Amino acid sequence: MTNANFIPADYVIAVDHVGIAVPDLDAAVAWYTDNLGMVETHREVNEAQGVVEAMLSCPAADRATALQLLAPLTPESTIAKFIDRSGPGLQQLAYRVTDIEAVSGFLRGRGVRLLYEAPRHGTADSRINFIHPKDAGGVLVELVEPNPDVTH
């Protein structure tokens, strides 16, 4: 992107969620519910990514930032491989964006590698892409453009 008027802060507007890889989704949801008082706000299976996931939030908060628990559907899924390699735990940090194409173009123009050529389907019908961890200080960064008609 060569638009000199592009200001990242106009497009990257919040931390959307923190993703945690877990071997057992129901056990993890129960832990966060019982110990931290969080509530499950959304659950879905994402066959393309090989995960079953749940979004949780703190009931007293404005639900602007969520916790995403990701459990593998198969031993070959990316999350299963992550758990095998690193154990359960923090897997990604996701930022909410208003225009995923604009942000992706800006980043590519700066030499930042994205994992997908075009945005893919994410949680709650959002559009997502990931910044390669080697270009983000070792952190897998997800870019999320929420579907305006869906909340989690």
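Residues numbered from 1 in each chain as written. Predicted model: local features only at pLDDT ≥ 70, side-chain atom pairs only at ≥ 80, totals over all residues. Heavy atoms only, no water.

Colleague: For this particular structure, what's the right way to read the sheet that holds strand β1 (residues 12-21)?
Modeller: Paired through their backbone hydrogen bonds, the strands of a sheet run either parallel or antiparallel. With mixed pairing, 8 strands are arranged side by side in an open sheet as β2-β3-β4-β1-β5-β8-β7-β6. Lying at the two open borders of the sheet, with one neighbouring strand each, are β2 (39-46) and β6 (120-121). Here 7 bridges tie β2 to strand β3 (residues 51-57), and the two strands are oriented antiparallel to one another. Opposite N46, over in β3, you have V51 as the bridge partner. Packed onto the sheet, helix α2 (residues 25-36) meets β1, β2, β3 and β4 (66-72) and runs at close to 10° relative to β3. (Pairing = 2+ DSSP bridges. Helix = DSSP H or I, 4+ residues; strand = E, 2+ residues; numbered from the N terminus. Contact = heavy atoms within 4.5 Å. Axes fitted to C-alpha atoms, helices over the stretch in contact; angles between N-to-C directions.)

Colleague: Honestly, the nonpolar core in this entry has me stumped. Any pointers?
Modeller: Soluble, globular proteins show a tendency: their nonpolar side chains are buried together. Core analysis: the largest hydrophobic core is formed by 13 residues, its most contacted members being V22, L25, Y32, L56, L67 and L69. Counting only elements with at least two residues in this core, the list comes to α2, β3 and β4. Top contributing element to this core by residue count: α2, with 4 residues. I100, V103, V112 and V141 belong to the second largest nonpolar core, which has 12 residues in total. (Core = buried A, V, L, I, M, F, W, Y, C linked by side-chain atoms within 4.5 Å. Buried < 20%, exposed > 50% of the residue type's maximum accessible area, 1.4 Å probe, protein only.)

Colleague: Just checking my understanding: could you explain helix α4 (residues 100-109) for this structure?
Modeller: Residues lying three or four places apart along an α-helix face the same way, a consequence of the helix completing one turn every 3.6 residues. Where α4 is concerned, the buried positions are I100, A102, V103, S104, F106 and L107. Against α1 (8-11), β1, β5 (89-97), β7 (127-131) and β8 (141-145) lie the buried residues of α4. G111 sits one or two residues past α4 and shows a positive phi near 85°.

Colleague: Would you explain unusual backbone geometry in this entry?
Modeller: Glycine aside, residues mostly have negative phi, and peptide bonds are mostly found in the trans state. A positive phi angle is found at A124, which is not glycine, with a value near 55°. With respect to the helices and strands, the residue A124 is situated in the loop between β6 and β7.

Colleague: Got a minute to help me understand the pattern of salt bridges in this structure?
Modeller: Side-chain pairs of opposite charge can arise where the charged atoms are in close proximity. Counted under the stated rule, the structure contains 6 salt bridges. A salt bridge links E40 to R43, with the nearest nitrogen and oxygen atoms 2.8 Å apart. Taking relative accessible area as the criterion, E40 reaches 33% and is therefore assigned partly exposed. The network of salt bridges with common partners includes D26, E40 and R43. (Salt bridge = Lys/Arg side-chain N within 4 Å of Asp/Glu carboxyl O.)

Colleague: What is the right way to look at α2 in this model?
Modeller: In this model α2 runs 16 Å from its N-terminal to its C-terminal C-alpha over 12 residues, within 8% of the 16 Å that 1.5 Å per residue would give. Listed in full, the buried residues belonging to α2 are L25, A28, V29 and Y32. Considered in projection along α2, the buried side chains sweep an arc of 100° and stay on one side of the axis. If you check the start of α2, you find a side-chain oxygen 3.1 Å away from the backbone N of D26, and it comes from D24. Residue G37 follows α2 closely and has a positive phi angle near 70°. (Expected span 1.5 Å × (residues − 1). Arc of directions from axis to C-beta. Polar contact = N/O pair within 3.5 Å; in protein donor to acceptor, adjacent residues only side chain to side chain.)

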